[in-house]
Amino acid sequence: LMGVYTNRHGERWELQLKGSGKTPYSRNGDGRAVLRSSVREFLCSEAMHYLGIPTSRAASLVVSDDDVWRDQFYNGNIKKERGAVVLRLAKSWFRIGSLEILAHSGELDLQRRLLDFIIQEHFPSIAMNDSNRYLEFFSTVVSETADLIALWMSVGFAHGVCNTDNFSLLSITIDYGPFGFMDSYDPNFVPNTSDDERRYKIGNQANVGLFNLSKLLQALKPLLDPRQKQLASQILEGYGERYSIRFTELFKTKLGLLGENKDDNYLIAFLLKVSLPC
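The structure displayed is predicted, hence computed values, not measured ones.

Chemist: Can you walk me through the overall build of the protein in this structure?
Modeler: Per the secondary structure count, the protein includes eight helices and six strands. Taken from the N to the C terminus, the helices and strands of the protein come in the order β-β-α-β-β-α-α-α-β-β-α-α-α-α. Here the C-alpha radius of gyration of the protein, 20 Å, is about what a compact globule of 278 residues would show, namely 19 Å. Dimensions of the protein, computed from C-alpha atoms along their principal axes, come out at roughly 55 × 55 × 40 Å. With 278 residues in all, the protein has 42% of them scored as buried. For the protein, the computed accessible surface area is about 15500 Å², with 52% contributed by carbon and sulfur atoms.

Quick look at the structure:
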């Protein structure tokens with residue numbers, strides 16, 4: 001993370017380098033990125049932005065002189081590739097995992113400080129003196145995550161690695177790795193060649209979103225009183241309905257359907273089934 005930049009419109013962006021080398025958080029990785037994946041992230045994040053889908057943006061791409069060794073298809077065939085660095089922007093790079101790891105390690109004071117910072121910086125509709133601010137925060141993230149995944153589905157976008165560390169607390173699309181767009185509708189479409197169990201297949205993205213939000217709730221529970229925990233569980237139960245409503249709205253718009261009709265969902269499901277690959 002390079003810092004925060006405020007542009008001439010007063011918008012604040014966090015600047016982050018991808019592929020610039022090892023950091024204290026690289027674990028066993030080399031911290032590098034290859035040119036092909038960097039170009040893909042640059043192009044796709046810009047495409048998603050202009051499709052009207054909340055996303056990080058790419059400001060620049062620089063080709064590196066360093067060689068990077070990668071097993072592209074995870075078949076043991078390691079090859080030398082050209083490296084690259086992407087300067088990417090987002091309103092925030094905090095993820096569900098950012099809170100999850102603090103809760104897991106019992107750093108509750110730090111978790112509370114971080115959560116208050118995130119709310120103050122990025123959720124202006126939530127009052128900092130509201131005793132229910134964490135509950136309001138969770139409700140917003142649940143709703144906006146459902147909306148985001150419905151938007152992904154409306155353009156046939158599969159993220160590829162939908163774990164809690166790749167899910168933004170601001171409900172924007174981040175961390176373009178083995179993503180893909182479907183050429184034709186296939187709920188079993190998987191863009192990630194290493195996902196042998198098809199956990200992140202496109203037809204499972206909404207369910208994985210629910211799983212990740214349940215992990216967020218688990219991380220927040222030490223900061224909630226018994227009544228708030230109960231309300232938070234009820235909020236999470238409403239995720240499926242929120243997703244279904246948004247999904248239907250988006251596909252009705254695609255089809256030019258006006259008003260409400262009990263057969264709308266049947267028509268959408270029928271047309272998706274018609275487009276299944278033979």
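Chemist: Looking at this structure, I do not really get the pairing of strand β4 (residues 79–90). What am I missing?
Modeler: Sheet topology note: the strand β2 (residues 12–18)/β4 ladder contains five bridges and is antiparallel. Within the sheet, the bridge partner assigned to glutamine 16 lies in β4 and is arginine 88. Bridging between strand β3 (residues 57–70) and β4 involves ten bridges; their strand directions are antiparallel. Directly across from leucine 61, in β4, lies its bridge partner valine 86.

Chemist: So what exactly am I meant to see when it comes to helix α4 (residues 133–154) here?
Modeler: Since the α-helix packs 3.6 residues into each turn, any two residues three or four apart lie on the same face. With 22 residues, α4 should cover 32 Å at 1.5 Å per step; its first-to-last C-alpha distance of 32 Å lies within 8% of that length. Of all 22 residues making up α4, 18 are buried, and the element is well covered by its neighbours.

Chemist: I tried to follow the packing of aromatic side chains on my own but got confused; where do I start?
Modeler: Taken as a whole and judged by the stated rule, the model has eleven aromatic pairs. Residues tyrosine 243 and phenylalanine 247 carry aromatic rings whose centres are separated by 5.8 Å and whose planes lie at 40° to one another, so their mutual orientation is tilted. A residue pair is termed a helical-turn pair when its members lie 3 or 4 positions apart in one helix, as tyrosine 243 and phenylalanine 247 do in helix α7 (residues 239–255) at four residues. Taken as a pair, tyrosine 243 and phenylalanine 247 share a single burial class, namely buried. What links up through ring pairs into an aromatic cluster is the set Trp152, Phe157, Phe167, Tyr176, Phe179 and Phe181. Over the aromatic face of phenylalanine 179 sits the side chain of arginine 40, whose NZ or CZ is 4.1 Å from the ring centroid. Here the guanidinium or amino end of lysine 91 rests over the ring plane of tryptophan 13, the centre of that ring lying 4.2 Å away.

Chemist: How do you make sense of the pairing of strand β1 (residues 3–6) when you look at a structure like this?
Modeler: Side-chain positions along a regular strand alternate between the two faces of the sheet. Note: β1 against β2, four bridges, orientation antiparallel. Counterpart to threonine 6 in the pairing with β2 is arginine 12. Linking β1 to β2, which pair antiparallel, is a turn of five residues; within it glycine 10 sits at a positive phi near 80°.

Chemist: When you look at the nonpolar core in this model, what are you seeing that I'm missing?
Modeler: Here is a general trend for soluble globular proteins: nonpolar side chains tend to be buried in one another's company. If you look at the biggest cluster of nonpolar residues, it comprises 53 residues, and the most contacted ones within it are Phe137, Trp152 and Leu216. The element best represented in this core is α4, accounting for 13 residues. Looking at this core, you find at least three residues from each of domain 1 (3–90) and domain 2 (96–255). If near-sequence neighbours (up to four positions away) are discounted, leucine 216 is found in contact with Ile96, Leu99, Phe138, Val141 and Leu169.

Chemist: What is the right way to read unusual backbone geometry from this model?
Modeler: With the exception of glycine, most residues fall at negative phi, and the peptide bonds are largely trans. The backbone of aspartate 175 shows a phi angle near 60°, a positive value even though the residue is not glycine. Along the polypeptide, aspartate 175 turns up in the loop between β5 (157–158) and β6 (180–181). Notably, arginine 198 is not glycine yet its phi reads approximately 55°, a positive angle. With respect to the secondary-structure elements, arginine 198 resides in the loop between β6 and α5 (205–220).

Chemist: I'm lost on the pattern of salt bridges in this one. Help?
Modeler: Two side chains of opposite charge can pair, provided their charged atoms sit close to one another. According to the stated counting rule, one finds 18 salt bridges in the structure shown. Notably, a salt bridge pairs aspartate 175 with arginine 95, separated by 2.4 Å at the nearest N-O pair. Taken together, the residues aspartate 175 in the loop between β5 and β6 and arginine 95 in the loop between β4 and α2 (96–104) connect sequence positions 80 residues apart. Accessibility expressed as a relative area gives 12% for aspartate 175, which makes it buried. Look at the salt bridges and you will find they share partners, linking Lys18, Glu41, Arg88, Arg95 and Asp175 into a network.

Conventions we followed
Counting from 1, residues in each chain are numbered in the order their sequence is written. Note on the predicted model: pLDDT of at least 70 is required for a residue's local features to be given, and 80 or more for side-chain atom pairs to be given and counted; whole-chain, interface and lining totals, by contrast, use all residues. Side-chain numbers come from the whole structure's heavy atoms, not from hydrogens or water. Numbering goes from the N terminus for both helices and strands, where a helix is a DSSP run of H or I of at least four residues and a strand is a run of E of at least two. Atoms considered for the radius of gyration are the C-alpha atoms alone. The globule rule reads 2.2 Å times the number of residues to the power 0.38. Buried residues are those whose accessible area, probed at 1.4 Å on protein chains only, stays under 20% of the maximum for their type, while exposed residues exceed 50% and partly exposed ones sit between those limits. Using a 1.4 Å probe, the Shrake-Rupley method yields the accessible areas, and only the shown protein chains count as cover for residues. Whether two strands pair comes down to DSSP finding at least two bridges between them. Each helix should span, by expectation, one fewer than its residue count multiplied by 1.5 Å. Aromatic pairing here means that ring centres of Phe, Tyr or Trp (its six-membered ring) are within 6.5 Å. Orientation follows from the plane angle: under 30 degrees is stacked, over 60 is edge-to-face, and everything else is tilted. Sitting over a ring, as applied to charges here, requires NZ of Lys or CZ of Arg to be within 6 Å of the ring centre and within 35 degrees of the ring normal. Here, the term nonpolar core denotes a set of buried Ala, Val, Leu, Ile, Met, Phe, Trp, Tyr and Cys residues that are joined through side-chain atoms within 4.5 Å. By convention here, the domain bounds are inherited from an automatic or database domain assignment. Between two residues, a contact is recorded if the distance between any of their heavy atoms is within 4.5 Å. For this document, the term salt bridge refers to a Lys or Arg side-chain nitrogen within 4 Å of an Asp or Glu carboxyl oxygen.

Spatial relationships are all this shows, so hold off on functional conclusions.
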